[in-house]
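These are the residues of each chain, in order.
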Amino acid sequence: MLRLLWQELLFRRNAIIGWSLGLCFFPLVYIAIYPSVADEMAGLADLEIYQAMGMSLGTFPDWVGSILIIFMPLIAAIYGIINGTGTLAGEEEDGRLEMVVTLPLPRWQIITAKAIAFIIASLIMFLVVSTVSLLVFQSIESQIETELTGANLFTAVMSAWPLDFAVGMLSLFLAAFCASRRFAAMIAAAVLVISYFGNNLAASTTALEPFEPLFLFTYLDASGTAVMEGQEAGDIGVLVGIGLVSFALAVFFFQRRNLTVGAWPWQRAHVS
Amino acid sequence: MSEHVIETRGLTVYYGRHRGILNVDLNVEKGEVFGFLGPNGAGKTTTQRVLLDVIRPTSGQARIFGLDCREQGVELRQRVGYLPGELALYKNMKANQFFKMYEYLRGQNGAKGYWQELAKRLDLDTSRRIGNFSRGNKQKVGVVAAFMNRPDLLILDEPTGGLDPLVQQTVLEMVREAKADGRTIFFSSHILSEVQAVCDRVGIIRDGQLVTTQRVEEMVTQRVNRINMIFADLPPADVFNIEGVTELNRSDRSVMLEVQENLPQVLAAAAENNIQDIETINVSLEEIFLTYYGKGNGGNHA
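Rules and cut-offs
Residues numbered from 1 in each chain as written. Chains lettered and ligands numbered in written order. Predicted model: local features only at pLDDT ≥ 70, side-chain atom pairs only at ≥ 80, totals over all residues. Heavy atoms only, no water. Helix = DSSP H or I, 4+ residues; strand = E, 2+ residues; numbered from the N terminus. Contact = heavy atoms within 4.5 Å. Areas by Shrake-Rupley, 256 points an atom, 1.4 Å probe, with all protein chains shown as cover. Buried < 20%, exposed > 50% of the residue type's maximum accessible area, 1.4 Å probe, protein only. Pairing = 2+ DSSP bridges. Core = buried A, V, L, I, M, F, W, Y, C linked by side-chain atoms within 4.5 Å. Buried area = accessible area lost by both parts, 1.4 Å probe. Salt bridge = Lys/Arg side-chain N within 4 Å of Asp/Glu carboxyl O. Polar contact = N/O pair within 3.5 Å; in protein donor to acceptor, adjacent residues only side chain to side chain. Expected span 1.5 Å × (residues − 1). Phe/Tyr/Trp six-rings, centres within 6.5 Å; stacked < 30°, edge-to-face > 60°.

**Here we look at the overall build of chain B**
Moving on, step 1. If you tally the helices and strands in chain B, you get 10 helices and 14 strands.
Moving on, step 2. Sequence separation of at least 24 residues holds for 65% of the intrachain contacts in chain B that already meet a minimum separation of 6.
Moving on, step 3. In the form shown here, chain B has an accessible surface area of approximately 13500 Å², with 43% of it arising from carbon and sulfur atoms.

**Quick look at the pairing of strand β9 (residues 201-206) of chain B**
Residue and element names in this part refer to chain B.
Moving on, step 1. In terms of burial, β9 is a largely internal element, six of the six residues being buried.
Moving on, step 2. Both faces of β9 are covered, namely the face carrying Arg201, Gly203 and Ile205 and the face carrying Val202, Ile204 and Arg206.
Moving on, step 3. Relative to β9, strand β3 (residues 33-37) is paired through four bridges, and the arrangement is parallel. Each residue of the ladder has a partner; that of glycine 35, found in β9, is valine 202.
Moving on, step 4. The antiparallel pairing of β9 with strand β10 (residues 209-215) creates a hairpin that spans two residues between the two strands, and aspartate 207 there sits at a positive phi of about 50°.

**Quick word on the nonpolar core**
Moving on, step 1. Counting residues in hydrophobic clusters, the biggest one holds 159 residues, and the most contacted among them are Phe60 of chain A together with Phe98, Phe99, Phe147 and Phe186 of chain B.
Moving on, step 2. In terms of residue count, the dominant contributor to this core is helix α5 (residues 60-94) of chain A (16 residues).
Moving on, step 3. Those residues in contact with phenylalanine 186 of chain B, other than ones at most four positions away along the chain, are Ile6, Leu26, Val28, Phe34, Phe36, Gln48, Leu51, Leu153, Leu154, Ile155 and Leu156 of chain B.
Moving on, step 4. Core analysis: the second largest hydrophobic core is formed by 13 residues, Val245, Val259, Val266 and Ala270 of chain B among them.

**What to know about the interface of chain A and chain B**
Moving on, step 1. On the chain B side, the residues contacting the 31 residues of chain A number 31 residues.
Moving on, step 2. For the chain A and chain B pair, buried surface summed over both sides reaches about 3100 Å², with 60% attributable to carbon and sulfur atoms.
Moving on, step 3. Put simply, glutamate 98 of chain A and arginine 49 of chain B hold a salt bridge, and the shortest N to O gap is 3.0 Å.
Moving on, step 4. Inspection of the region where chain A meets chain B yields 10 residue pairs in polar contact (both at pLDDT 80 or more).
Moving on, step 5. Those elements giving two or more residues to the side of chain A that touches chain B turn out to be α1 (2-23), α5, α6 (96-101) and α12 (233-256) of chain A.

**Observations regarding α12 of chain A**
Moving on, step 1. With 24 residues, α12 of chain A extends 35 Å from end C-alpha to end C-alpha; this agrees with the ideal 34 Å at 1.5 Å per step.
Moving on, step 2. Of all the positions in α12 of chain A, only Asp235, Leu239, Gly243, Ser246, Ala250, Val251, Phe253 and Phe254 of chain A are classed as buried.

**Structural notes on the pattern of salt bridges**
Moving on, step 1. Enumeration according to the criterion identifies 16 salt bridges over all chains in this entry.
Moving on, step 2. Between glutamate 7 of chain B and arginine 9 of chain B there is a salt bridge, and its shortest N-O distance comes to 2.9 Å.
Moving on, step 3. A network of salt bridges, in which partner residues are shared, links Glu8, Arg12, Glu91 and Lys114 of chain A.

**Considering the packing of aromatic side chains**
Any two aromatic rings considered together are summarised by their centre-to-centre distance and by the angle between their planes.
Moving on, step 1. Taken as a whole and judged by the stated rule, the model has 24 aromatic pairs over all chains.
Moving on, step 2. With a centroid separation of 5.6 Å and an interplanar angle of 45°, the aromatic rings of tyrosine 34 of chain A and tryptophan 63 of chain A are classed as tilted. Within this pair, whereas tyrosine 34 of chain A is found in helix α3 (residues 34-43), its partner tryptophan 63 of chain A is found in helix α5, the two being separated by 29 residues in sequence. We note that tyrosine 34 of chain A, like tryptophan 63 of chain A, is buried.
Moving on, step 3. With a centroid separation of 5.1 Å and an interplanar angle of 25°, the aromatic rings of phenylalanine 98 of chain B and tyrosine 102 of chain B are classed as stacked. Separated by four residues within a single helix, phenylalanine 98 of chain B and tyrosine 102 of chain B lie in helix α3 (residues 95-106), roughly one turn from each other. For the residue pair phenylalanine 98 of chain B and tyrosine 102 of chain B, the accessibility class agrees, reading buried in each case.

This is the structure in structure tokens:
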């Protein structure tokens, strides 16, 4: 399986570089500009529109949480959807998967290699963004007043990764289950968007409170406190659990599926 | 189930309510080139995909080298080379990168680097990106990938599609050489001349059912020739009333015939009637299927 994993990583090397550079936009811009907007942001702390979007901008940790910890994983989750659905359903649709599954490799190894390759790729992206965040923070640290340390910031960015893991594995499962990439990507994107807005609105709308546990972003605390003290272990556990269950389902359905024919898992034996 | 290289029993595949193949019983012997023939949509590709465990059968059993295609798929695929009919490759890779990857994933077991020899033989520039290749060159990549581990069984779905005539001949030579090495080839094609050139036996599938298997020599004797002849003056209507000959069309100065036997008599009659030009038309395999298996043969029209 290591051979397959290596190939999967090689296929992703351009994506890893491109997405890492793209995601570094957040710390390079939003952390770097903080000294020049700090006073202004402090004045916007209580605006309801920001609160409705889950944003609190009063302090530097609040700013980091509201901008970096929320939006960076949200954008990174798009990579999770693209990778998760493209690597399986996409390859199946364009016919490349047939060349792989006819090699002497068990199917569980094929999908496991793809999952691990995604995990490694996304971890590299988060490591790059965390490192760049740390470097940018060190360059402005003398210009701002904050109790946040570089280690806090590095950990805060890395601890947003489980959300990306959950979305990536959910997308992989949908790709293994669905007969088309488009359909899988559509569902995964809907889950992501609904999770983001649902979680934010649930904070200010009591009608949505019962549904809050269903939103993935419920388990990503973007408050200044979380940036300082880290994510709760329970929240990380839920996101990792969603990812692992999704992966297990992906393996289950990929093992059963008729490939290359656009068939759903239940489209098997109906001899009339 | 036994010493056959490929053996299927009652193999049936349905996609929901759509028929794939129905009760296919097939035996392919060790060391033979078996032509698997049939019109588009007959079930050739479905059968091949079941053999390689890409598709799971609704019912029935398929074995290769005595191994169950589903339960022991990994083990048997180590001994199989496959060229799909709808070849899809990694466009961003160079051909040599693709072969190295394939070699790497497959574990070549003594055939390491053989792809270079094959690529040279097919005149394939492996330093170029696959995405920049013509259809023929992509097909060469597929052919090399199928042969590169010297497999005991080759499953080739229309291997000469998109290739120029010279390369087609090279591929057919490679098939013959594989057979000479004692390897087995399961060969799907629409081109009768190819089948005639390399296959020992053929199986004909139509509407998902295996209509017959027979030796190629038997099939060739049933071959139909279609001839279009142009005369100085249109000959009398009864000139070609010859056994095994059917006049299909007559217009202006030309006569089109379908000739199943007595070709010398046809040519003699044409010469006596001042023939000026003659053209032979290759009848597609599908037409031969329809001619031979059509009316009065159980209603199995494609």
